[in-house]
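Structural characterization, general
Chain by chain, the residues:
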Amino acid sequence: MSQSIINVENITKSVISNDNELSILKGISFNINEGESVAIMGTSGAGKSTMMSLLAGLDLPSSGSISLLGSIISDMDDEQRAKMRSESIGFVFQNFLLIPSLNALQNVTLPMLLRGNEDQEDNERKAKKLLAEVGLSGRETHLPTQLSGGEQQRVALARAFVTQPKVLFADEPTGNLDQKTAKTIVELLFAMNKEQGTTLVLVTHDPELAKRCQRTLIMNAGQCQESA
Amino acid sequence: MKTNKMIISWSWREIWSGQLWPVMVALTLIIACVVALSTLALRVEKVMTNQGRDLLAADLVLRSSNPIPELLVEKAQDAGLTISSQSRFQTMAFSDEKLQLVTVKSVESSYPLRGSLTLRDANQSAKNQVKAGELWLSPRLFSILESKVGDIIAIGDAELPITGVIEEEPELAYNPFNSIPNVFIHSSDLDKTGAIQIGSRVRYRLFINGDPTSLAAFQESYELQPGESWVDQNRESRAVRLMDKAKQYLSLTILMVILMAAVTLILTCLHYVRNRSETVSMLKSMGSSRAWLRTWLTTQVLIMFISAFVVGSTLGLLLEYLLRVPLADILPQELPNVGVQPFLFALGVALCIGLPALLIPLTRLLDAPAINVIQKQSVTYSKTSWWLLLLPFTALVVFYGGNKLVWMVLIGLLVLFVVLAGLSYGFLQLLSKLKWGAAFSLALSRISRSPKNSMMQLAALSGSLMLVALIWLVKSDLLGDWQQTLAPDAPNVFSINISPEQQQNYLQELDKSGLPHSDAFAIIRGRITKIKGQETNELAAYQDPEVRILKREVNFTWMDQLPIYNEVVAGDWTGEKTVSVEQEVAEELGLQIGDTMTFEVNSQPFTATVNSLRAVEWQSLKPNFVFIFSKDAVANLPSTWMVSFRAEEDQTPLVNELARAYPTVTLLDLRTMATKVQSLLRQISWSLTGLAALGVVAGILLIFTLLRLSLSERKREITLYRTLGASKKRISHTLWAEYGLLALSGGFVAAIAAEVILSALMIWGFELSPQWHPSMFIVLPVLAMIVVFVSLRSVIKSLMKPLR
């Protein structure tokens, strides 16, 4: 039986806007098991991105608790959460977020460096392997500006998987790509996810993409429902 | 280790691609300026200190324009002090072929009491004292007079064989214009020269050595007579004052360079932080700790400081060399080692400016939240690093707390920037009242929409352009003024020490030789003893260190008519026993028309009434006097005569003939002096150009940074217009119109401000008449537009791409 990797218990999130308290998430609970792929869908402003930030430990809920990899996020300080992210979590962003002054290979080795892996040769070997997997062999020394959008997202995928994270968070990974490129990236994402057995949490507007996931959570006005 | 290597190479690339390079250039400029100035200042200071007593040739010196009283010499000997006396004067030295004006130092065998005198004779053996019958020459006199050791040289009426060369002597004068070489003779040969007669300009020195207490007691017991002064190593020499003034000018220029560089530094850092906060958020989202981020940013800061320090120090030493070139004649060949002090000082200044400018924004960068990679959130930045601002302020207070000038300049610049912003903005408002095409109208409305931003840009643009123009114009105006003193038709030879018996014949000789000459002027040496019946030493002006005329001997003359080149500004040239006074001296002494003054010549007092005040152009090289008397007041007093004339290059033989015929007449040949002055001007010009170039680089770097940053700030807005379908032409025309107008307005206002400040500097700072530079009204706007074009071309091109 699969173990729970993310457990959300009755969380709320409010922000103060113009002296008024604005409730973004209203008492949400759900569970994600190890190796599952879960899509989070919803209209703009429904709270998808806020939910993802909380699940990944980038932000803290106003109330309730989130357990990630067996630890309660609210009990950890900034540094502890950063350490957990570097060891167990990967990210893929809509706008790629590659470091412009680093080439493809260096961008991919970066998470290992942040993790404290000092053996640069080993880091580079792993990064090259991942870049080859995403079809970028021979493009290792290219800077982000010398790569197309699709190629940049491939580098981002390689960067996300290079540390073999337990959970991968993808925020609209195809949002900035044309249809054909988007399809290729999705195939790659799911193939690598399957290969590494990573838990995938995907925020998307795209129902087709959501269908590829095992479960879909629909966010609406701060509430969350499991899609049938 | 390898990881560190990657962080270093990443940081290096981050500096260049992250637009941090202006920070490095600015830091380099700061370090170069400080290294150059402090190295030079330290060297000069060390030379002064090292030479201290050697420079004086004794522990204490009494300088006098009258022979040293025998009584005083005896008194010094009685007090157990060691003494040695010297007489010095300028006269012509003749060899068989050539002649040259020389300074004759007639010394006793005991000279010098301090410092070293090294004389080398024909056998190459070194001597340390001058003996009777000997004649020692400065090295360059051998080539000027085309003579060798053993040849006979005539000094005035005396003929002496050359004994050898002066290798090293104390009492070197720190005067770059002093091109008159020295010769040493023994005091027992002085009378033979016949150069000393009543009214001739001879200076006397009594060198005194002894223990400090006896010296102090001796100094205390003697009451200085008119024309006398004490010199000890504590007294600031003219050279020190000259150096201080030069240092002040250099400091001001360098302060401006540093200010511009500091602003560049701050602006670039702020922009870097805005640009890189997303990267930091991303790194945080991937799990980087604050400690890792700190290492990453510290590596960047260290790389920038180390590179800037290496390049800046090298550039600084080069600049110091350039600044030192004009001082080559007055500094010893082997310069004292300055050690690491200037480099440490430069590093200190760079850290004082760089640390707050870099660390405050970079620490804020650490506060960028990880969540920003998904959702942009407003951030409350910590203010923990603001204490770093104390660094530059504390340094300023510690080092410049008492220097009013520096504070005035800093406050003045601040006020000036506000005025410049207002003026430029006003100018643009005026322009917007006119009818313009679409691009200009859009540009003007864009400028008016954000007045705060536009005014800041205009202030920085016109301010830096003005500083650049000022540094350049001060340099060219100063040089231009010096060049003017050597006008093509100005007299270039002065004959002084003409005895009354020689005067008529001398003038006839000049006429016969066809050398155009001035009238002959009587020269009477005397001093002021009373003004309106009050003793001069009781006057308030006597205590003023700037008013020196009351304490020294002055050249008087008499005339039937005042010279036509002196404008009478008050009173009339009439009356008996009257005197006409130069207006600035009259002002210093509080003199009015009708006031009586008492003078003394050779202990003979006489009184005259001020009948007129005159404006005198001292730089014109025409014979000029502070006091011109009516003939009846002074004509019966002992005098020598002076005449000036112009001799062209081919008339040199005539000048030489004249000098031989009248060996006791001193010829001041400014033609040789002019060559010296020209070469010195060339050297100074190089130094100032180097300095001005630094200012220009700092100014242009600031403008460049400012413009690029301002355009990058609007990147989204412009790209959005483009995405919404605005044509490339429309956007680029509007942008060029906007920045073109900013450049035009900034340049124009900078020209006005530069003219105003330059005039003020010339009038009050350098006491020169100001000049008008209409070309600046074209040069500065054009320069601004060129800088705008070069800075923005690539940015505007990249902005023309539609939003992805």
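Residues numbered from 1 in each chain as written. Chains lettered and ligands numbered in written order. Predicted model: local features only at pLDDT ≥ 70, side-chain atom pairs only at ≥ 80, totals over all residues. Heavy atoms only, no water.

Turning our attention to the overall build of chain B. The helix and strand inventory of chain B stands at 22 helices and 23 strands. By the burial criterion, 52% of the 804 residues in chain B qualify as buried. For chain B, contacts bridging at least 24 residues in sequence account for 81% of all contacts bridging at least 6. (Helix = DSSP H or I, 4+ residues; strand = E, 2+ residues; numbered from the N terminus. Buried < 20%, exposed > 50% of the residue type's maximum accessible area, 1.4 Å probe, protein only. Contact = heavy atoms within 4.5 Å.)

Of the strand pairs in this sheet, strand β2 (residues 82-94) of chain B and strand β7 (residues 152-155) of chain B are connected by two bridges, and their pairing is antiparallel. Its bridge partner being in β7 of chain B, F94 of chain B is matched across the sheet by A154 of chain B. (Pairing = 2+ DSSP bridges.)

Residues and elements named next belong to chain B. By secondary structure assignment, the location of M260 is in helix α7 (residues 238-285). With 234 residues separating them along the chain, M260 and A26 place their C-alpha atoms 8.3 Å apart. Those residues in contact with M260 that lie beyond four places of it in its chain are S464, L467, G695, A698, G699 and L702.

Turning our attention to the environment of P22 of chain B. All names here are of chain B. Take P22: it is sitting in helix α2 (residues 21-56). Owing to a relative accessible area of 5%, P22 belongs among the buried residues under this scheme. Taking the C-alpha atoms as reference, P22 lies 6.9 Å from L265; in sequence the two are 243 residues apart. Here P22 is in contact with T264, T268, L701 and T705, once residues within four sequence places are set aside.

This part takes up the sheet that holds strand β4 (residues 63-68) of chain A. Residue and element names in this part refer to chain A. The four strands lie next to each other as β2-β1-β4-β5, forming an open sheet whose pairing is antiparallel. In the strand order of this sheet, the two ends are held by β2 (20-33) and β5 (71-72), each with one partner. Contacting β1 (4-17), β2 and β4, helix α1 (residues 48-55) crosses the sheet at an angle of about 60° to β2. (Axes fitted to C-alpha atoms, helices over the stretch in contact; angles between N-to-C directions.)

Residue and element names in this part refer to chain B. According to the stated counting rule, one finds 22 aromatic pairs over all chains in the structure shown. Centre to centre, the rings of F218 and W230 are 6.1 Å apart; their planes meet at 75°, and the pair counts as edge-to-face. Taken as a pair, F218 in helix α6 (residues 212-221) and W230 in strand β12 (residues 228-232) lie far apart in primary sequence, 12 residues in all. Note on F218: relative accessible area 3%, which makes it buried. The buried category is assigned to W230, whose relative accessible area is 12%. What links up through ring pairs into an aromatic cluster is the set F556, F599, F606, F627 and F629. (Phe/Tyr/Trp six-rings, centres within 6.5 Å; stacked < 30°, edge-to-face > 60°.)

On to unusual backbone geometry, then. A cis amide bond links Y111 of chain B with the next residue in sequence, P112 of chain B, at an omega value of -5°. Here P112 of chain B is to be found in the loop between β3 (99-107) and β4 (118-121). Positive phi outside glycine occurs at L97 of chain A, with the angle close to 55°. Counting through the fold element by element, L97 of chain A comes out in the loop between β6 (89-92) and α3 (104-115). Phi angles above zero are rare outside glycine, and Q124 of chain B is one such case at about 65°. Looking at the secondary structure, you find Q124 of chain B in the loop between β4 and β5 (126-127). The exposure class assigned to Q124 of chain B is exposed, which follows from its relative accessible area of 54%.

Right, let's get into the pattern of salt bridges. All names here are of chain A. For the structure on display, the rule yields 22 salt bridges over all chains. Here K13 makes a salt bridge to D59, at a shortest N to O gap of 3.4 Å. Taken as a pair, K13 in strand β1 and D59 in the loop between α1 and β4 lie far apart in primary sequence, 46 residues in all. Looking at K13, the relative accessible area reads 11%, which means it is buried. (Salt bridge = Lys/Arg side-chain N within 4 Å of Asp/Glu carboxyl O.)

This part takes up helix α3 (residues 70-78) of chain B. Because each turn of an α-helix spans 3.6 residues, side chains separated by three or four positions in sequence point in the same direction. All names here are of chain B. Within α3, burial applies to L72, V73 and A76. Seen from one end, α3 has its buried residues packed into an arc of 100°, which puts them on one side. Every exposed residue of α3 that faces more than 90 degrees away from the buried side is listed here: E70, L71 and D78. On the buried face of α3, the contacting elements are β1 (60-64), β2, β11 (202-209) and α6. Downstream of α3 by a residue or two, G80 has a phi angle that is positive, lying close to 80°. (Arc of directions from axis to C-beta.)

The next subject is the sheet that holds strand β10 (residues 223-226) of chain A. Residue and element names in this part refer to chain A. Across the sheet, six strands lie side by side as β6-β7-β8-β3-β9-β10; this open sheet has mixed pairing. With partners counted over all chains shown, the strands left at the sheet margins are β6 and β10, one partner each. Recorded for the sheet is a direction-independent mean angle of 20° between the axes of neighbouring strands. Relative to strand β9 (residues 215-220), strand β3 (residues 37-42) runs parallel, the two being bridged by five bridges. Counted as the bridge partner of V38 is R215 from β9. Strands β6 and β7 (167-171) of the sheet are contacted by helix α2 (residues 78-88), whose axis makes an angle of about 80° with β6.

Let us look at the side chain of S65 of chain B. Checked against the element boundaries, S65 of chain B lands in the loop between β1 and α3. Filtering out sequence-adjacent residues up to four positions away, S65 of chain B remains in contact with V202, R203, Y204, G227 and E553 of chain B.

What follows is about the packing of α3 of chain A against helix α4 (residues 120-133) of chain A. All names here are of chain A. Running from amino to carboxyl end, α3 crosses α4 at an angle of 120°, the nearest separation of the two axes being 9 Å. What the angle tells us is that α3 and α4 run oblique. With respect to the hand of their crossing, α3 and α4 are arranged in right-handed fashion. Residues A104, L105, V108, T109, M112 and L113 of α3 touch α4, and the partners they reach there are Q120, N123, E124, K126, A127, K128 and L131. Residues that form the contact of α3 with α4 fall into these classes: seven nonpolar, three polar and three charged. (Parallel < 35°, antiparallel > 145°, perpendicular 65-115°, else oblique. Left-handed = near helix turned anticlockwise from the far one by under 90°. Nonpolar A, V, L, I, M, F, W, Y, C, P; charged D, E, K, R; others polar.)

Another point: the interface of chain A and chain B. Listed per partner, the contact involves 34 residues of chain A and 30 residues of chain B. Surface buried jointly by chain A and chain B totals about 2800 Å² across both partners, of which 61% is contributed by carbon and sulfur atoms. The tally of links from chain A across to chain B stands at zero salt bridges. Our count for the contact surface shared by chain A and chain B stands at seven residue pairs in polar contact (both at pLDDT 80 or more). Of all the secondary-structure elements, those providing two or more residues to the side of chain A that touches chain B are α1, α2, α3, α4 and α5 (149-161) of chain A. Here the side of chain A that touches chain B takes six residues from α3 of chain A, the largest share from any one element. Considering only residue class, the side of chain A that touches chain B consists of 14 nonpolar, 12 polar and eight charged. (Buried area = accessible area lost by both parts, 1.4 Å probe. Polar contact = N/O pair within 3.5 Å; in protein donor to acceptor, adjacent residues only side chain to side chain.)

Where like charges cluster on the molecular surface, the negative patch consists of D544, E584, E587 and E588 of chain B. Positionally, D544 of chain B belongs in the loop between α15 (540-543) and β16 (554-559). (Patch = residues over 30% accessible without salt bridge, like charges linked within 9 Å, V, L, I, M, F, W, Y side chains within 5 Å. Areas by Shrake-Rupley, 256 points an atom, 1.4 Å probe, with all protein chains shown as cover. Lys, Arg positive; Asp, Glu negative; His and termini not counted. Charge placed at Lys NZ, Arg CZ, Asp CG, Glu CD.)

In this section: the confidence of the model for chain A. Averaged over all residues, the pLDDT of chain A equals 88, while 99% of them reach at least 70. Confidence scores differ between elements of chain A, with helix α6 (residues 179-196) of chain A showing the lowest mean pLDDT of 85 and β4 of chain A the highest of 93. (pLDDT = per-residue confidence, 0-100.)

Residues and elements named next belong to chain A. It is the contact of α5 with α6, at a shortest axis distance of 10 Å, that shows an interaxial angle of 10°. Overall, the two elements α5 and α6 adopt an arrangement that is roughly parallel. Facing α5, whose interface residues are G150, Q153, R154, L157 and F161, α6 presents T181, T184, I185, L188, L189, M192, N193 and Q196.

Another point: the side chain of T193 of chain B. Note that T193 of chain B resides in helix α5 (residues 190-193). When near neighbours in sequence (up to four residues on either side) are disregarded, T193 of chain B contacts F89, I155, G156, D157, A158, I185 and T664 of chain B.

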